[in-house]
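# Results of the structural survey
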Amino acid sequence: MEFSDVIDVLLLRNYNTRLVVICTMLLGCACGLMGGFLLLRKRSLMGDTLSHATLPGVCVAFFVGVLLGGQGKSLPLLLLGATVSGVLGCATVLFIRNNSRIKDDAAMGIVLSVYFGAGVALLTMVTKMPDGAAAGLESFIYGKTASMVLSDFWLLTVVTLCVLSLSAVLFKEFRLLCFDEVYASAQGWPVRLLDGLLLALVTAVTVAGLQAVGLILIIAFLITPAAAARFWTDRLDRMLLLSVVIGGASGWLGASVSALVPNLPAGALIVLVAASCFLLSMLCGTQRGVLVRLMRQLRLKRSIGRQHLLRALYEILEADGERGDGISIRPVAFRQVRGRRTWSDQQLRRCLRLAYNDGLIDAVSKEDGIILTEAGLEAAAQVTRNHRLWELYLIEYADVATSRVDRDADAVEHVLGEKLVALLEAKLVKLSSADALEVPASPHPITPGD
Amino acid sequence: MSAVPKVKIQALPSVADSKSLPLVIRDLTVAYHRKPVVWDIDLEIPEGKLVSIVGPNGAGKSTLIKACLDLIPRSSGEVSIYGETYRKERKRVGYVPQRESVDWDFPVSALDVVAMGTYGQLGWFRRVNKRSKALALQALDRVGLADYAHRQISQLSGGQQQRTFLARALVQDADIYFMDEPFAAVDAATERAIVELLKELQQRGKTCLVVHHDLATVPQYFDWTVLLNMRVVAAGPTKEIFTQENLRKTYGGKLSLLSEAAEELMRIQ
C-alpha cells in the first residue's frame, strides 16, 4: 500500500472506489437516522428480524425471475422479494404477539431464525441451479460492496433523500410516537399509520443496504451510530443529527479502508468503525459517558471528604472554644481528627493533601498537627452551619430522632445547593440564632475524638 | 368475544340534558384477552366536579379511562363527552397517563414534553413554534416547574415528572381532564401542588376524573367519587357514598362472585 494509494482513495479518484464509498456513506446517513428512531421506539430487534426475514424473499424472487424466463438476477426483483418477505416477517411477529401469550422478544427470536433458516435452505437450492452459483445471492448475507453499480447509487440516493425529508417533515409526529404512543393516540394521531410509516422507512433502508453490509450486519449499522450519539446529547434533534454523521462517517471510513486493504470486506469494517465510535462515545460521551460519570462521582467524593474534614476540624475547635476563648485557629493533632470519623489513615491523608492544595489548611507536620487557614476556617464554619441547619430541619419537619439525625443529615447535606440553603435559613430562622452567619449549636451531643 | 348486541339505550336522558354533562357512560364493557375488565358501567358525571375513581388493584380504573378516550376497544357500550363522541370532542379533553407509561430517559426536555400538549392544535407537519413554547412555559409555571423547563426529563424527580405530565394536559386548556394516578409515589410538595391545581381547575368550571389510591384523602380532595370494582359499586357525592359499607363492597374479598364468573368465562372461551 503506497501513500499515493491512500490519497487516491481519500480523494475518491478511482471511479469504483468513489461509487462504493459514496454509496456506503449515503447508507450510513440513512441508517443513522432511522436507527435513532428505532432505538428510541425500542424496536431494535424488530430491525434485526426484518433484515433476517428478507433472505427467503430474495431466493423466491430469484426463482420467479428464472420462471419468467429471465436470468433471475434482476436487482429490482430481488429487492422487491426482500421487502415482501421482510415485511411478512414483521407481520408474523405482530400476529404471534397479538394472538398468543408469547412476548415480543420470543416471537422475534422465533420468526428471525425460522425465516433465516428457510432462506438458507432456499439459497442452497438456488446455488444448485444452472445459473445459481453465478448469481451470487449469498452476497445478501454478508454484503459485497465491491459489486455495487450505478443503479445502487441511485437507489440509495432516493432512499436516503426520502428518509431525510420525511423525518424532517414528520419530526414532531415521530417524536411524539416514540415518546408516548398512548398519549399520541388520545390526541387523535393515527398511531398505526405513523408506526407503519416508520417501519416502511426502516424497511426501505434495510433492503437498500442489504448488498452493502449484508442482512446480518445491517442491524449493527442501524443501531450502533444512534446508540453512540445518545452518549453526547440529551436532545433528540442533536442526537439524530449526530447519529447521521456517525453513520455516514462509519460508511465512508469502512469502505475506504476496505478499498485500501485487499480481502477485508467492507460490511464488517463499516460495522467495526461504527462500533469503535460507540466505544469511544460510551467512554467519552459528554452527557452520559462513563468517564464523565466517573469524574462526577470522584468530584462529589472529594467534596464530601473535604466537608467531613472541615467539619471535624471545626467541631474540635468549637469544643475547645466552649471551655473559654471562642473559636480560634490552633493546631489540631492528626490523631484527634482521625478519631472523629471512621476513616483510615490513608483516606484522611488524602483529604488533607487535597485540602492543602485548595489552601484550606497549612502544611501538616507531625509536631505541629493540622492548622486551618483563615479561608479554611471560614469554609469550615459554613460547612458546619449547613450540616446543623439540615439537622434542625430534619428534627423539626421530618420527625427524625435526634440520636440518628447526624447520619441522615450527612447523607444529604453535601448536595445542598445555595437555593436550598437559603430556603432552610428562611424556615429555620427562629430556630437558629438570628444572626445569619452564625453557626447554630449542634442539636445532639458531639462525640469527642480520642 | 361473544356477540353482545349493541342496543341503543332507551333510558337516555333528553339530548339537552346529556349535552350539558361532561361525561356519560352507558353499558360499557371492556375485555382484555377475553377476560372482562370492566362490566356494565353506567355513569354520569356532572360538570365542574372533582371526581375520584377509587378501587382495588385490577378493578379496571385505568381501563375505564382508556375506554373513554378510545385508547382500547370496547366490547360494548357507549361513551359520550358533552353529548358527542370522544373523536368529536377530543380538543376539550386533557389526558394525564400514568407516569410509568413512558421512558423518562428519552432525550427531551420538560419543555419539549409539555409542548406535546399543543401538537393536536398544531396539526400535521407544522413545527413547534414560539407560541407553543410560550404556552408550554406558562403551563410549566403553573405547576411550579418554570425553572426546570430545559432539564432533560430523567433529571427530574418523580414528583416533578408527574407535574410535567399535568402541565402537558393543562397546555391544551381542556374542559374535562382524565388523570391516571397523578398522586402515585409523589412527594408532599407535589401532592399539595396537584391538589391546588385541581381546585383551581374546578373554580374555572373544569371537570376532573382522577384515579386515586389513597382512601384517606378522598373525602378531603374530591367532592365526587366513583367506587369501582369491575363494575360501579357506587357513584355520587363523596359525602353520601363514601361509606364503610360501600368501601367494604368495593374492597372486600377479591373473590367476589363477579370476578369468579369472569375467570370462568375466560376459561371456557
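Residues numbered from 1 in each chain as written. Chains lettered and ligands numbered in written order. Predicted model: local features only at pLDDT ≥ 70, side-chain atom pairs only at ≥ 80, totals over all residues. Heavy atoms only, no water.

### Here we look at the overall build of chain B
A tally of regular secondary structure across chain B gives 12 helices and nine strands. Within chain B, buried positions represent 53% of all 269 residues. For chain B, contacts bridging at least 24 residues in sequence account for 70% of all contacts bridging at least 6. Accessible surface, chain B as shown: approximately 12,500 Å² in total, 51% of it carbon and sulfur. (Helix = DSSP H or I, 4+ residues; strand = E, 2+ residues; numbered from the N terminus. Buried < 20%, exposed > 50% of the residue type's maximum accessible area, 1.4 Å probe, protein only. Contact = heavy atoms within 4.5 Å. Areas by Shrake-Rupley, 256 points an atom, 1.4 Å probe, with all protein chains shown as cover.)

### Structural notes on the pattern of salt bridges
This structure, assessed with the given rule, holds 28 salt bridges over all chains. Its salt-bridge partner being aspartate 358 of chain A, residue arginine 306 of chain A comes within 3.5 Å of it at the nearest N-O pair. Of this pair, arginine 306 of chain A sits in helix α15 (residues 290-322) while aspartate 358 of chain A is found in the loop between α17 (345-357) and α18 (374-397), placing the two residues 52 residues apart along the sequence. Classification of aspartate 358 of chain A by relative accessible area gives partly exposed; the value is 47%. Residue arginine 388 of chain A pairs with glutamate 318 of chain A through a salt bridge whose shortest N-O separation is 3.0 Å. Of this pair, arginine 388 of chain A sits in helix α18 while glutamate 318 of chain A sits in helix α15, placing them 70 residues apart in sequence. Just as arginine 388 of chain A is buried, glutamate 318 of chain A falls in that class too. When salt bridges that share partners are traced, they join Glu89, Arg92, Arg142, Asp173, Asp175, Glu200, Arg204 and Lys206 of chain B into one network. (Salt bridge = Lys/Arg side-chain N within 4 Å of Asp/Glu carboxyl O.)

### With respect to the sheet that holds strand β7 (residues 207-211) of chain B
Hydrogen bonds between backbone atoms are what pair the strands of a sheet, whose relative direction is either parallel or antiparallel. Residue and element names in this part refer to chain B. Taken in spatial order, the six strands line up as β5-β6-β7-β3-β8-β9 in an open sheet, and their pairing is mixed. For this open sheet the edge positions go to β5 (93-96) and β9 (231-237), each flanked by a neighbour on one side alone. Going across the sheet, the axis of each strand differs from the next one's by a mean of 15°, ignoring polarity. Examined bridge by bridge, strand β8 (residues 224-229) and β9 share six bridges and lie antiparallel to one another. For threonine 225, the partnering residue across the bridge sits in β9 and is glycine 236. On the sheet, helix α2 (residues 61-68) packs against β3 (50-54), β5, β6 (176-179), β7 and β8 and is oriented at approximately 130° with respect to β3. Strands β3, β8 and β9 of the sheet are contacted by helix α11 (residues 244-251), whose axis makes an angle of about 35° with β8. (Pairing = 2+ DSSP bridges. Axes fitted to C-alpha atoms, helices over the stretch in contact; angles between N-to-C directions.)

### Quick notes on the nonpolar core
Among the nonpolar cores identified, the biggest contains 137 residues, and Leu23 and Phe178 of chain B are the most heavily contacted of them. At 17 residues, helix α12 (residues 191-230) of chain A tops the list of elements feeding residues into this core. With sequence-adjacent residues up to four places away left out, phenylalanine 178 of chain B is seen in contact with Leu23, Ile65, Cys68, Leu69, Val93, Gly94, Tyr95, Val96 and Leu209 of chain B. Core analysis: the next-biggest nonpolar cluster, separate from the first, contains 23 residues, Ala312, Cys351, Leu360 and Leu372 of chain A among them. (Core = buried A, V, L, I, M, F, W, Y, C linked by side-chain atoms within 4.5 Å.)

### Notes on the domain arrangement of chain A
Domain boundaries assigned for chain A yield domain 1 (3-288) and domain 2 (296-431). Distance between the C-alpha centres of domain 1 of chain A and domain 2 of chain A: 57 Å. (Domains from an automatic or database assignment.)

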